[in-house]
Amino acid sequence: MDLRVTTPPRALCLLRLSALGDVTHVVPLLRTLHRAWPQLRVAWVIGKGEQRLLDGLDGVEFLDYDKRSGVRGMLALRRRFAGLQLPAGRFDVLLQLQVAARANLLSAFVPARRRIGYDRARAKDLHGLFVGERIPARPGMHVLDAIGSFCEPLGLRQTEVVWDLPVPAAAHAWARAQWPGDDTPTLLISPCSSHVRRNWRAERYAAVADHAAARGWRVVLCGGRSALERSTADAIVAAMHAPALDLVGRDTLKQLPALLARADLVMTPDSGPMHIANAMGSKVLGLHAASNPARSGPYSDRRFCVDRYDDAARKFLGKPAAALKWGAKLEFDGVMDLVTVADAIAAFERYVATRG
């Protein structure tokens, strides 16, 4: 691909509404764009919850969109674009980073001269009708690398991955206050994904937590305020023999990254906290069967992940993972039962061995 830079864009729009993990993957792209063009004006159309996580991110103006508002909200967003005083009344570039039908339709309300989207293999829901250019078609890429390749039609290449998530000092202070700053290593368990079929059984989390506690580790639980997260945490605590610090429902989205950063190891299924923890520099014990860790696992280090994705493909679809379309989800009832307690304990011990 020809990566020669021609005229730098003056104003660019990112469209990625959700979810927490995916918007985390967009931040390195934003950093790449601003390293090349520090004066570039960037607007980001984003979901309300995702904006709360990233609020304060430098060099970007957020335009939140409530998915529940439908076309009415899209029309309101278009009026907000009119108030931005864009050069020639439009963005030089729209990077359409989401292929869901709602996001595709929403992109039609964004005034832009160039509209860049996914390659045909990754496109769906009529994505191709809403874009005029596509990123390179490279199979087998991690989600973050695919998002990073959106700068290539602009003549750039993402060669460095930098997050620097905006975490206030007050959030770090809150996280430091939750447990002593001693030498006790901490296993933080974030047990729930937004996709319930990616979630593991509470008694299995408890068994791994008890193993960690027997090895002298502190165990901490974290999660949101949903009924599922509360009931899951209660079931884990009830099944444990050792004590655990239960922080489920007690942190905010701005405090969550600081909390994850304090952990030595974060155990979680494929979830937003997995990717936020990775972005904050924590190691992740990822539990994978419903999704492929090579595509959507913790980007920086997957040594401590459990990977039963191929086993799931063979059991539920009768074929190896290599025969599936890249990124295929295997969200079947019981798929996470393929991840055993022994698998997770072995991954935990792999991490312990690196500590010396």
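Cut-offs used in this document
The residue numbering used here restarts from 1 in each chain and proceeds along that chain's sequence as written. Residues qualify for local features only when their pLDDT is at least 70, as the model is predicted, and side-chain atom pairs are given and counted only at 80 or more; totals for whole chains, interfaces and linings, by contrast, use all residues. As a rule here, side-chain values cover all heavy atoms of the structure and leave hydrogens and water aside. Three exposure classes are used, based on accessible area relative to the maximum for each residue type with a 1.4 Å probe and protein chains only: buried under 20%, partly exposed in between, and exposed over 50%. Numbering of helices and strands starts at the N terminus; helices are DSSP runs of H or I of at least 4 residues and strands are runs of E of at least 2. For this quantity, the arc is that covered by the directions from the helix axis to the C-beta atoms. Contact between two residues is taken to exist if any of their heavy atoms lie within 4.5 Å; hydrogens are not considered. Pairing between strands is defined by DSSP: at least two bridges between them are needed. Looking down the strands as they point away from you, a crossover is right-handed if its path from the first strand over the helix to the second goes clockwise.

Trainee: Please explain helix H12 (residues 309-317) as it appears in this structure.
Mentor: Listed as buried for H12 are Tyr309, Ala312 and Ala313. Projected onto a plane normal to the axis of H12, the buried residues spread over an arc of 100° and lie on a single side. For H12, the secondary structure elements touched by its buried residues are strand S11 (283-288), helix H11 (293-296) and strand S12 (306-307). The positive-phi residue at the C-terminal boundary of H12 is glycine 318, with phi of around 70°.

Trainee: Which parts of the structure should I look at to understand the pairing of strand S4 (residues 91-96)?
Mentor: As a general feature of sheets, a regular strand has side chains that alternate between the two faces. Of all the six residues making up S4, six are buried; the element is thus mostly covered by neighbouring parts of the structure. As paired elements, S4 and strand S5 (residues 112-117) share four bridges and run parallel to each other. Across the sheet, phenylalanine 91 pairs through a bridge with alanine 112, a residue of S5. Crossover handedness for the path S4 to helix H4 (residues 101-107) to S5: right-handed.

Trainee: Is there a simple way to explain the environment of arginine 102 in this structure?
Mentor: Residue placement: arginine 102 occurs in helix H4. A residue is classified by how much of its surface remains accessible, and arginine 102, at 39% relative accessible area, is partly exposed. Spatially, the C-alpha atoms of arginine 102 and aspartate 310 are 31 Å apart, while their sequence positions differ by 208 residues. Excluding residues within four positions of it along the chain, arginine 102 makes contact with Tyr65, Lys67 and Met74.

Trainee: Which parts of the structure should I look at to understand unusual backbone geometry?
Mentor: What is expected of a backbone is that most residues other than glycine have negative phi and most peptide bonds are trans. In the segment running from serine 18 into alanine 19, the intervening peptide bond is cis, with an omega of -5°. Among the structural elements, alanine 19 can be located in the loop between strand S1 (11-15) and helix H1 (20-36). A positive phi angle is found at glutamine 85, which is not glycine, with a value near 55°. In this structure, glutamine 85 sits in the loop between helix H3 (70-82) and S4. Even without a glycine there, the phi angle at aspartate 164 is positive, about 50°. The topology assignment puts aspartate 164 in the loop between helix H5 (143-148) and helix H6 (169-176). On the basis of relative accessible area, aspartate 164 is assigned to the exposed category, the value being 57%.

Trainee: Would you take a moment to explain the pairing of S11 for this structure?
Mentor: The buried fraction of S11 is high, at five of six residues. Between strand S10 (residues 265-269) and its parallel partner S11, the chain crosses via helix H10 (residues 272-279), and the hand of that crossover is right-handed. Relative to S12, S11 runs parallel, the two sharing two bridges. Looking at S12, one finds that histidine 288 is bridged to aspartate 307.

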